Structure formats: structure tokens, C-alpha cells
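# Observations on chain architecture
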Amino acid sequence: MPKLVICNWKMNGDIDLVSQFVEKIDDKNVVIALPNVFIAYVRCKFAKFKVSAQDCSIHDNTGPYTGEISAKMLSTLGVEYVIIGHSERRKNFFTDSAENVYNKIHNVVKNGMIAVLCVDDNYETLIDEKTKGLLKDNVKQVILAYEPMQSIGTGVVPKTSEISQTLLKLKEKYFVQKTIYGGSVNSSNVNNILAERDVDGVLVGGASLNLPELQSILQCNNMV
Ligand code: PEP
């Protein structure tokens, strides 16, 4: 059975690339986390793939929050998934605290969407007790994405048995139904990763911006 392929475009792509993907990607197991500016366009074009946002505001009511986009706004556009707590937002460029992460997940689930919560090997620190309770109450609306820091954008992928062990631990500890792996996934390694039992899907960054590369990944996924 095909698994879930979530593509994280980060701050990349332009309207031409988006148009090519709208035309060529019609796989229902793929979710593309687009920059917010492209989301309405993709909805208007009736794209067949599912859409994710890459983040949302800690605020869910309208108000004086310049530059922010709420989970409610995203859900009214037909967005189904929101990535929360990516390492680039927690540490590299911004400072998403555990409390912010809690509030964002809360807003995502309240608005009927699925939160894709990113963690690395430090998951016990990243997921505080309050967030653990929130996950337990919303097991169907949270996916845990295990993204080891050393694997993001580096070409270094852990042994697939290690990936599977970590995902099983995450399921046992947080009760979520789906756990996925992210970090340097491409068409050459995706087969082996998806073959592991506790891998319910992959989060693909760089490789998902290349249309033929993504098509090869999806082809592998459809043969799992
Ligand atoms: C990511 O940053 O979420 C990611 C998976 O990136 P890449 O696939 O490029 O390593």
C-alpha cells in the first residue's frame, strides 16, 4: 500500500514550477508544503495533490499580527496539513519555543487539519509534557516526522533499521498513528526507507523541487 510523501518546498519555487506540478502531479498520496503565496493559486487550479503549509501563527483569532497567517485562514483555503516545529524554525533561523509549538499544533487540530510535527533525536526535550498530552488527545491529527539534524540537506541517511526503531519508539511514547522519516530522501534511497514497517511515509525537502525526481519517488511509493 502506498505511504505518505510530504514535500517541503521551504522558501523555493516560483509560479512556473507550481504550474508544472499542478499539471503533472495527480497522486493522492502526495502532499506539497508550498510557500503560503502559492496556496490560493493551487486551490484555484484544482490541483489533484494535497496541500500543506510550512508553519502557522500561534494566534488563531484575527488581530494586529503583521505578517502572520492563522491556521483558520489556511483551513478555509483547503489546506489539509501544516508542518510544525521544523528545525529551521526552532533553531536555525527563528526561535519556535516548546510553547509556540504547542499553540500551533493546538490551532491546527482545532481547525480540522493534520499537524506534521518535526523532531530530531532530541524529541524528549522538544516535546514537553503539555504537548505530549495534546498529541495523546489528537493521535489521528498529528504525524510525527523524525528528521535527524545530521541528515537534513546533507545526503547522510541513517541505517533504515535505525530509522524504523526510532519511529517505533515515537509511536510507543506518543501514541500517534503515523510516523514518517525526513532527511536527504531521494529516488535512490526511498525504496529501502519505505520498505521499513514503522515508516508510514517520508518528508522530502530538496528532491521534491525537481519534478522528474519527485515522479520517481512517487513511482517507488506506488510499488511499496
Ligand atoms: C527537510 O528539511 O525537511 C528535509 C527533509 O530536507 P532534505 O530532504 O533536503 O534533507
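For the structure given in this document, a descriptive report is provided here. (Residues numbered from 1 in each chain as written. Predicted model: local features only at pLDDT ≥ 70, side-chain atom pairs only at ≥ 80, totals over all residues. Heavy atoms only, no water.)

This next bit is on the overall build of the protein chain. What the protein chain contains, in helices and strands, is ten helices and eight strands. A compact globule built from 224 residues should have a C-alpha radius of gyration of about 17 Å, and the protein chain, at 16 Å, falls within 12% of that. Overall, the C-alpha framework of the protein chain stretches about 45 × 40 × 30 Å when taken along its three principal axes. The buried share of the protein chain, taken over its 224 residues, is 50%. Put simply, 69% of the contacts in the protein chain that link residues at least 6 apart link residues at least 24 apart. Carbon and sulfur atoms provide 51% of the accessible area of the protein chain, an area that totals close to 10600 Å². When the 24 basic and 25 acidic side-chain charges of the protein chain are each reduced to a single mean position, those positions are 4 Å apart. (Helix = DSSP H or I, 4+ residues; strand = E, 2+ residues; numbered from the N terminus. Rg over C-alpha atoms; globule rule 2.2 N^0.38 Å. Buried < 20%, exposed > 50% of the residue type's maximum accessible area, 1.4 Å probe, protein only. Contact = heavy atoms within 4.5 Å. Areas by Shrake-Rupley, 256 points an atom, 1.4 Å probe, with all protein chains shown as cover. Lys, Arg positive; Asp, Glu negative; His and termini not counted. Charge placed at Lys NZ, Arg CZ, Asp CG, Glu CD.)

Time to look at the pairing of strand 4 (residues 81-84). Alternating positions in strand 4 separate into two faces, Tyr-81 and Ile-83 on one and Val-82 and Ile-84 on the other, with burial throughout. Summarising the sheet, strand 3 (residues 50-53) and strand 4 pair through two bridges and their orientation is parallel. Along strand 4, the bridge assignment pairs Ala-53 with Val-82. You can see the chain leave strand 3, run along helix 3 (residues 71-76) and come back into strand 4, and the turn it takes is right-handed. (Pairing = 2+ DSSP bridges. Right-handed = clockwise from strand over helix to strand, strands pointing away.)

Further remarks concern the environment of His-59. Mapped onto the secondary structure, His-59 falls in the loop between strand 3 and helix 3. On the basis of relative accessible area, His-59 is assigned to the partly exposed category, the value being 27%. Spatially, the C-alpha atom of His-59 lies 20 Å from that of Leu-126, the residues being 67 residues apart in sequence.

Within soluble globular proteins, side chains that are nonpolar tend to cluster in buried spots. In this structure, Phe-49, Ile-105 and Leu-117 are the most contacted members of the largest nonpolar core, which totals 60 residues. Sequence-distant contacts of Ile-105, that is, excluding residues within four places in its chain, are made with Ile-84, Ala-115, Leu-117, Thr-131, Leu-134, Leu-135 and Val-142. In this structure, Ile-6, Val-31, Tyr-81 and Leu-203 belong to the second largest nonpolar core, which totals twelve residues. (Core = buried A, V, L, I, M, F, W, Y, C linked by side-chain atoms within 4.5 Å.)

The next thing to look at is the sheet that holds strand 8 (residues 201-204). Spatial strand order, 1-2-3-4-5-6-7-8: eight strands in a closed barrel with parallel pairing. Neighbour-to-neighbour, the strand axes of this sheet turn through a mean angle of 25°, independent of strand direction. (Axes fitted to C-alpha atoms, helices over the stretch in contact; angles between N-to-C directions.)

This paragraph deals with the site of the ligand. Around the ligand there are 13 residues in total, and Lys-10, Glu-147, Gly-153, Ser-184 and Gly-205 lie nearest to it. In the model, an oxygen atom of the ligand is placed 2.6 Å from a nitrogen or oxygen of the Gly-153 main chain. At a separation of 2.8 Å, an oxygen atom of the ligand approaches a polar backbone atom of Gly-205. Considering the ligand on its own, with 300 Å² of exposed area, one finds that the protein chains cover 94% of that surface. (Near = heavy atom within 4 Å. Polar contact = N/O pair within 3.5 Å; in protein donor to acceptor, adjacent residues only side chain to side chain.)

A separate point is the packing of helix 1 (residues 15-24) against helix 2 (residues 36-44). The interhelical angle for the contact between helix 1 and helix 2, taken along N-to-C directions, is 40°, at an axis separation of 11 Å. Between helix 1 and helix 2 the crossing geometry is right-handed. Residue-level inspection shows Ile-15, Val-18, Ser-19 and Val-22 of helix 1 in contact with helix 2, the latter providing Phe-38, Tyr-41 and Val-42. Per-class residue counts for the contact of helix 1 with helix 2 are six nonpolar, one polar and no charged. (Left-handed = near helix turned anticlockwise from the far one by under 90°. Nonpolar A, V, L, I, M, F, W, Y, C, P; charged D, E, K, R; others polar.)

The interhelical angle for the contact between helix 1 and helix 10 (residues 211-221), taken along N-to-C directions, is 30°, at an axis separation of 11 Å. With respect to each other, helix 1 and helix 10 are oriented roughly parallel. Crossing geometry of helix 1 relative to helix 10 is assigned as right-handed. Contacts between helix 1 and helix 10 involve Gln-20, Phe-21 and Lys-24 from the former and Leu-211, Leu-214 and Gln-215 from the latter. Of the residues assigned to the contact of helix 1 with helix 10, the class counts are three nonpolar, two polar and one charged. (Parallel < 35°, antiparallel > 145°, perpendicular 65-115°, else oblique.)

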